[in-house]
Amino acid sequence: MISVKSVSKSFGDKKVLKDLSLQINDGEIVGLYGESGCGKSTLAKIMCGVEVADGGELFIDGVLVLSAKKYDRKAGKLIQMVYQQPFSALDPSQKVGSALYEIVKYNRLAKSRADIKKIAYKVAVMMGIERILNQLPSEISGGEAQRVNLAMSLMLSPKLLILDEATSMLDLSTQAEVLAKVKQIVETDRIAVLFISHDKELVNYFCDRVYSYENYNVKEIHL
Ligand SMILES: Nc1ncnc2c1ncn2[C@@H]1O[C@H](COP(=O)(O)OP(=O)(O)OP(=O)(O)O)[C@@H](O)[C@H]1O
Ligand SMILES: [Mg+2]
């Protein structure tokens, strides 16, 4: 279970988050919506350690992982984020397969070449990208790129996957395809998902529980 407790954040004298708390259970897809500029990405960045909060804490299964003073790098890997721009996190000169192998190697998930390939291939099959491993980012579609990003995140067996407008650049049918994959993984691996979007209908449709932004804070919406 992921618990965010009393997170606050200001940029200069601009208040963005105030005393915000929320919870995401294992195997649960939790939505977060709010208008543009309200602080959704700021919260996501704080949760994955990219941005530092002024105050507040994040716990994974009751263990303190993140606060204004502490960042547990190892536990931090348990929270992975996929961004809105499908190509922003991909190296244009690196083939899809090689990007996946690199994550396995860098995170020491396997040592031998054969094992590295096996792990990467398994995730690639799960995301349906096993046929594009020899292609460069410029040779794949936005939907495929977003599935590569998901594969890269899922390879680290996260407890929490944050999708920050991760499907909003995709057309409706590709979006449905990517979300179906996410749902399948949530069901098999019981990971928690924070699904951030300004699309209220999509959030209500896709998520088990939903929070909405209000006054620098979130409120649970009863669907
Ligand atoms: N590094 C920063 N320095 C100063 N202000 C920032 C910084 N990052 C975000 N902000 C401000 O904080 C507010 C919240 O930004 P954030 O990106 O979290 O919004 P958002 O809800 O994700 O919006 P969108 O739906 O457009 O993605 C905005 O007013 C933004 O201008
Ligand atoms: Mg944002």
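Just above sits the structure.
Residues numbered from 1 in each chain as written. Chains lettered and ligands numbered in written order. Predicted model: local features only at pLDDT ≥ 70, side-chain atom pairs only at ≥ 80, totals over all residues.

Engineer: Go over the overall build of the protein, please, and point to the residues and values.
Structural biologist: Each helix and strand counted, the protein has seven helices and 10 strands in total. For 223 residues, the compact-globule formula gives about 17 Å, and the C-alpha radius of gyration of the protein, at 17 Å, lands near that figure. With the C-alpha coordinates aligned to their principal axes, the bounding extent of the protein is approximately 50 × 35 × 35 Å. For the protein, long-range pairs separated by at least 24 residues make up 66% of all intrachain contacts whose partners lie at least 6 apart in sequence. (Helix = DSSP H or I, 4+ residues; strand = E, 2+ residues; numbered from the N terminus. Rg over C-alpha atoms; globule rule 2.2 N^0.38 Å. Contact = placed C-beta atoms within 7 Å.)

Engineer: Now, about the site of ligand 1: what can you tell me, with residues and values included?
Structural biologist: Around ligand 1, the structure places Phe-11, Val-16, Gly-34, Ser-36, Gly-37, Cys-38, Gly-39, Lys-40, Ser-41, Thr-42 and His-198. In terms of residue count, helix α1 (residues 40-47) provides more of the shell around ligand 1 than any other element does, three residues in total. (Near = placed C-beta within 6 Å.)

Engineer: Which residues make up the sheet that holds strand β6 (residues 79-82), and what values do they have?
Structural biologist: Reading across from one edge, β6-β7-β8-β3-β9-β10 is the order of the six strands in this open sheet, with mixed pairing throughout. One side of each edge strand has no neighbouring strand; the edge strands of this open sheet are β6 and β10 (217-221). Within the sheet, the average angular offset between the axes of one strand and its neighbour, ignoring direction, is 25°. As defined by bridge partners, strand β3 (residues 29-33) adjoins strand β8 (residues 192-197) across five bridges and the pair is classed as parallel. Within the sheet, the bridge partner assigned to Leu-32 lies in β8 and is Ile-196. Along the sheet, α1 contacts β3, β6, β7 (160-164), β8 and β9 (209-214); its crossing angle with β7, the most-contacted strand, is approximately 150°. (Pairing = 2+ DSSP bridges. Axes fitted to C-alpha atoms, helices over the stretch in contact; angles between N-to-C directions.)

Engineer: Can you break down the environment of Ala-180 residue by residue, with the values?
Structural biologist: Position of Ala-180 relative to the elements: it lies in helix α6 (residues 172-189). Looking at Ala-180, the number of C-beta atoms within 10 Å reads 11, which means it is exposed. In sequence terms Ala-180 and Pro-86 are 94 residues apart; their C-alpha atoms lie 17 Å from each other. (Buried ≥ 20, exposed ≤ 12 C-beta atoms within 10 Å, placed from the backbone.)

Engineer: Tell me about the nonpolar core, and name the residues and values.
Structural biologist: For soluble globular proteins, the rule of thumb is that nonpolar side chains tend to be buried together. Residues Leu-100, Ala-151, Ile-162, Val-193 and Phe-195 are the most contacted members of the largest nonpolar core, which totals 60 residues. Of the residues forming this core, the biggest block, six residues, is contributed by helix α5 (residues 142-154). Ignoring sequence-local partners within four residues, the contact set of Leu-100 consists of Ala-120, Val-123, Ala-124, Ala-151, Met-152 and Met-155. (Core = buried A, V, L, I, M, F, W, Y, C linked by C-beta atoms within 7 Å.)

Engineer: Quick one: what's the story with helix α3 (residues 96-106), residue by residue and with numbers?
Structural biologist: Within the sequence span of α3, burial applies to Val-96, Leu-100, Tyr-101 and Val-104. Looking straight down α3, one finds its buried side chains confined to an arc of 130°; they lie on one side. Elements in contact with the buried residues of α3: α4 (113-126) and α5. Taken from the residues just after α3, Arg-108 is the one with a positive phi, measuring 55°. (Arc of directions from axis to C-beta.)

Engineer: Help me get a handle on the pairing of strand β4 (residues 55-60), residues and values and all.
Structural biologist: Here is the key point about a regular strand: its side chains alternate between the two faces of the sheet. As defined by bridge partners, strand β1 (residues 2-11) adjoins β4 across five bridges and the pair is classed as antiparallel. From the neighbouring strand, Val-4 faces β4, where its bridge partner is Leu-58. Once β4 ends, the chain turns through two residues before running back antiparallel as strand β5 (residues 63-67), passing Asp-61 with a positive phi of about 50°.

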